Amino acid sequence: MAEPILKVENLKKYFPIKRGLIGALKGEPPKFVRAVDDISFEVGKQEVFALVGESGCGKTTTGKLVVKLLEPTAGRIYLEGHDVTELKTAEEIKAYRRKVQIIFQDPFSSINPRFRIFDVLEEPLLIHGIGETKAEREELIFKALEMVKITPPEDYVSRFPHMISGGQRQRVAIARALILNPTFIVADEPVSMLDVSIRAEVLELMKELKEKMGVTYLYITHDLSTARYFADYIAVMYLGRVVEMGPAKKVIDNPLHPYTRALLAAVPEPKPERRNIIKELPIRGEVPSAVDIPPGCRFHPRCVYAQMGLCDSKHPQLVEYEHGHFAECHLVGKI
Amino acid sequence: MAKNVLDVNNLKMYYFTNKGVVKAVDDLSFTLKKGEVMGLAGESGCGKSSLGFTLMGMPTPPGKIVSGSVKIDGREIVGLPEDVLRKEIRWQKISMIFQGAMNALNPVYTVGYQMIEPLIYHKGMEKEEALDRAQKYLELVGLSSDIVYRYPHELSGGMKQRVIIATALLLEPEVVIADEPTTALDVVVQAQIINLMKKLKKELGLSMIFITHDLSILAEISDKVAIMYAGKIIEIGDSEKIYYEPAHPYTQKLLASIPRLHEDVERLEFIPGQPPNLITPPKGCRFHPRCPYAMQICKEQEPELKEVDKDHYAACWLL
Ligand SMILES: Nc1ncnc2c1ncn2[C@@H]1O[C@H](COP(=O)(O)OP(=O)(O)OP(=O)(O)O)[C@@H](O)[C@H]1O
Ligand SMILES: Nc1ncnc2c1ncn2[C@@H]1O[C@H](COP(=O)(O)OP(=O)(O)OP(=O)(O)O)[C@@H](O)[C@H]1O
Ligand code: SF4
Ligand code: SF4
Ligand SMILES: [Mg+2]
Ligand SMILES: [Mg+2]
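We now turn to the structure provided with this report. (Residues numbered from 1 in each chain as written. Chains lettered and ligands numbered in written order. Predicted model: local features only at pLDDT ≥ 70, side-chain atom pairs only at ≥ 80, totals over all residues. Heavy atoms only, no water.)

Remarks on the site of ligand 1
Residues and elements named next belong to chain A. Taken together, Phe15, Val33, Ala35, Glu54, Ser55, Gly56, Cys57, Gly58, Lys59, Thr60, Thr61 and Ala290 make up all the residues around ligand 1. Here an oxygen atom of ligand 1 sits 2.7 Å away from a polar atom, N or O, in the main chain of Gly56. The separation between an oxygen atom of ligand 1 and a polar side-chain atom of Lys59 is 2.8 Å. Contact with the protein chains hides 60% of the accessible area of ligand 1, taken as 640 Å² for the molecule alone. When contributions to the shell around ligand 1 are tallied by element, the ones reaching two or more residues are strand 2 (31-44) and helix 2 (59-66). No other element matches the three residues that helix 2 contributes to the shell around ligand 1. Class assignment for the residues of the shell around ligand 1 results in five nonpolar, five polar and two charged. (Near = heavy atom within 4 Å. Polar contact = N/O pair within 3.5 Å; in protein donor to acceptor, adjacent residues only side chain to side chain. Areas by Shrake-Rupley, 256 points an atom, 1.4 Å probe, with all protein chains shown as cover. Helix = DSSP H or I, 4+ residues; strand = E, 2+ residues; numbered from the N terminus. Nonpolar A, V, L, I, M, F, W, Y, C, P; charged D, E, K, R; others polar.)

Overview of a negative patch on the surface
Taken together, the side chains of A:Glu132, A:Glu136, A:Glu138, A:Glu139, A:Glu146, A:Glu154 and A:Asp155 present a region of like negative charge at the surface. The topology assignment puts A:Glu136 in helix 5 (residues 134-147). (Patch = residues over 30% accessible without salt bridge, like charges linked within 9 Å, V, L, I, M, F, W, Y side chains within 5 Å. Salt bridge = Lys/Arg side-chain N within 4 Å of Asp/Glu carboxyl O. Lys, Arg positive; Asp, Glu negative; His and termini not counted. Charge placed at Lys NZ, Arg CZ, Asp CG, Glu CD.)

Some remarks on the sheet that holds strand 12 (residues 325-328) of chain A
All names here are of chain A. Across the sheet, which stays open at both edges, the eight strands sit in the order 6-7-8-3-9-10-12-11 with mixed pairing between neighbours. Strands at the two margins of the open sheet, each flanked by one partner only, are strand 6 (100-103) and strand 11 (318-322). Strand-to-strand twist across the sheet, computed as the mean angle between neighbouring axes with direction ignored, equals 20°. Where strand 9 (residues 233-238) lies against strand 10 (residues 241-247), six bridges are found, and the strand directions are antiparallel. (Pairing = 2+ DSSP bridges. Axes fitted to C-alpha atoms, helices over the stretch in contact; angles between N-to-C directions.)

A closer look at the pattern of salt bridges
Residue and element names in this part refer to chain B. Per the counting criterion, the structure on display carries 35 salt bridges over all chains. With its nearest N and O atoms 3.1 Å apart, the salt bridge here joins Glu43 to Arg290. Here Arg290 lies in the loop between helix 9 (249-256) and helix 10 (296-300) and Glu43 lies in the loop between strand 3 (37-41) and helix 1 (48-55), a separation of 247 residues in the sequence. Exposure class is identical for Glu43 and Arg290. Each is buried. Lys136 is paired through a salt bridge with Glu172; the nearest N and O atoms lie 3.8 Å apart. One end of the pair, Lys136, is in helix 4 (residues 127-140); the other, Glu172, is in the loop between helix 5 (157-169) and strand 7 (175-179), and 36 residues separate them in sequence. Overall, the relative accessible area of 48% leaves Lys136 in the partly exposed class. Here Glu172 falls in the partly exposed class, since its relative accessible area comes to 47%. (Buried < 20%, exposed > 50% of the residue type's maximum accessible area, 1.4 Å probe, protein only.)

Considering the side chain of B:His312
Residue and element names in this part refer to chain B. Mapping His312 onto the fold places it in strand 12 (residues 312-314). Within polar-contact distance, the side chain of His312 engages the side chain of Glu235 at 2.6 Å. His312 has contacts with Glu235, Ile236, Gly237, Lys241, Ile242, Glu245, Ala247, Lys306 and Glu307, leaving out every residue within four places of it along the chain. (Contact = heavy atoms within 4.5 Å.)

Some thoughts on helix 6 (residues 187-204) of chain B
Residues and elements named next belong to chain B. Over its 18 residues, helix 6 runs 25 Å from end to end, which matches the ideal 26 Å to within 8%, given 1.5 Å per residue. Counted residue by residue, helix 6 has 14 buried out of 18 residues, so it is predominantly covered. Gly205, located one to two residues past helix 6, shows a positive phi value of around 60°. (Expected span 1.5 Å × (residues − 1).)

Here's the deal with the sheet that holds strand 3 of chain B
Residues and elements named next belong to chain B. Here we have eight strands laid out as an open sheet, ordered 6-7-8-3-9-10-12-11, and mixed in their pairing. Each edge of the open sheet carries a strand with a single partner, namely strand 6 (94-97) and strand 11 (306-309). With strand direction ignored, the average angle separating the axes of adjacent strands in the sheet is 25°. Here strand 9 (residues 224-229) runs beside strand 10 (residues 232-238); their pairing, made up of six bridges, is antiparallel. Residue pairing for strand 10: Met228 is matched across the bridge by Ile233.

Remarks on the interface of chain B and chain A
Contact with chain B, which involves 45 residues of that partner, is made by 43 residues of chain A. Summed over both partners, the interface of chain B with chain A buries about 4,000 Å², with 57% contributed by carbon and sulfur atoms. If you look at where chain B meets chain A, you find six salt bridges. With its nearest N and O atoms 3.8 Å apart, the salt bridge here joins B:Asp264 to A:Lys249. (Buried area = accessible area lost by both parts, 1.4 Å probe.)

So, the coordination of the magnesium ion (ligand 6)
Residues and elements named next belong to chain B. All of the protein donors around the magnesium ion (ligand 6) are Ser49 (OG) and Gln99 (OE1); their distances to the metal are 2.0 to 2.2 Å. Separated by 50 residues along the polypeptide, Ser49 in helix 1 and Gln99 in the loop between strand 6 and helix 3 (111-123) bring together distant segments of the chain. Residue classification places Gln99 among the partly exposed residues on the basis of a relative accessible area of 46%. (Donors = N, O, S within 2.8 Å, 3.2 Å for Na, K, Ca; no water.)

Everything listed here is a matter of coordinates, which is why it stays silent on function.
The following block contains the structure:
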């Protein structure tokens, strides 16, 4: 891995759930959604680090913690060696937000529909006091649009979001993130709402920008195929924990954790000759609630390898099975 | 050889909006054999759902069937009055799993009530019989029969989708149209639902039109595939042909834009631009503004579907 630019250490985010009045009177202990439950990882400079996993496993929460849209319950986040969780004043946070940008899944709702494209891109410049005159800002805006291949920019700047396509809207969202020249971008499902043909275009663009501008990405997705294509490293999350982590190709081609194997077995592939074969899915049932997390290994009720007496009572440790490739399972290497 | 359960010829369904006529289903022809699954793919807005609704004899307003023929099990349904369609065709000859239906279940009624209500009101079935049937089909799709007494919010996404599938099967239709039945689901649940549909195909000899924009999912189940672009079928043929020997530039580009799980791809291909609006689609080949091979003739004359191989047709001037 390249020299780390982002370090996440023992990060936790618990959301309290409201107790009913009766529960409170009875003195029931408060309950929590353990959305992110003690995770650690590092992202190398100018690399793409993917967080994958099923709905509700804590990917977006992790992304929001990194950009400081949420404050952690516990743990530390370091960007370029500085402790981000220590940033407290409005000014410090503003400076941080300039360096670390987030792109959301939905290009339709993440852009204000009443703003023209020009205004969408001017807003971050105004907030951060970049560009003294309108003309200076316009130059930056045109440059950002050219970077995401919305060209010629003068044809687009006065349009409203509904007057451009979904792919173009997502590219405007990327331009808005890039215009501040960030070092780090959290991209939360940036292509999942787009058609395949357009999805490829946006992924290629993000890849190109990585090389040209030296950006580092935290790429959040539920799609293992795009993760393998776009990312250098992959971390697989399950119920708030990272259960496997390593170089993208290793994780996909030599998965260690039973959950990763199940996810991979489920991925559809464009191979019609297998159409009449019922797929073996080495997993049971569905994801339990993040409030009542199973004891021991939290995957054990669904795991086809689970050993009772061990997996249902003892929490497995994250172990490094081969260089840079980790998994959190009692049976790593034995299954 | 299996008989045709569906025969569609030169079907046109247009939306007559006040901004102009949207040609969403524009001269489509194809057949579906008993026990066969036809996949229907294409970018958002190309007319996939519109075709589904049209085959059900219920284009959404202001849509109207302009011309053409749809024969289900030999019987022409274009032109049939609404009450005949409702009593004799819809749900018992052809049924549909609507796009997003699992999120449209009504939270205030039990699952059972929502399943059997149409049977009682439209088909005049007794309540007992209808409930029996609902329970039988819930079991067939892998749910327990007491789900009929539960409310939608008590079910997971995968369970809701199974309820929707069971509902579409209740009257044992010849043809089921499944419109994006797995799109909003997590990958494991998605694979479980696909497995269920494979099982139904095999055990019930179900004939199905499976609609999705995701060519990877489509390959998991389709015997044959039709690719739509801007209201037209531009290529159709056996799955192996479409996936391994695609003839139309659009199909080729679509396939090259999918990242593969176990293959190293240097660069993904993409199709620049966007699909045209269907009120004033481009003259000639509708794909020409985005096609890297476009020639003069492509801008002037529309290519017809041509047989490129046995049972494999594509519409392109290059062929
Ligand atoms: N503000 C909040 N208050 C309470 N619970 C929350 C909040 N935000 C998220 N959660 C819960 O935390 C868990 C993780 O949610 P998160 O959005 O991070 O998941 P995700 O992996 O991004 O899922 P998806 O793939 O659906 O986007 C879920 O159980 C979710 O319901
Ligand atoms: N009721 C309607 N009135 C007018 N136009 C409509 C109506 N329904 C659909 N359309 C238009 O018809 C075209 C085809 O829409 P349709 O919903 O069939 O596409 P689709 O292929 O199913 O797309 P998606 O993949 O997004 O579901 C689109 O241009 C759409 O805007
Ligand atoms: S620790 Fe046990 S239950 Fe957990 S993943 Fe490993 S084998 Fe399965
Ligand atoms: S007819 Fe012409 S424009 Fe259309 S797909 Fe073929 S080569 Fe391209
Ligand atoms: Mg999320
Ligand atoms: Mg549709």
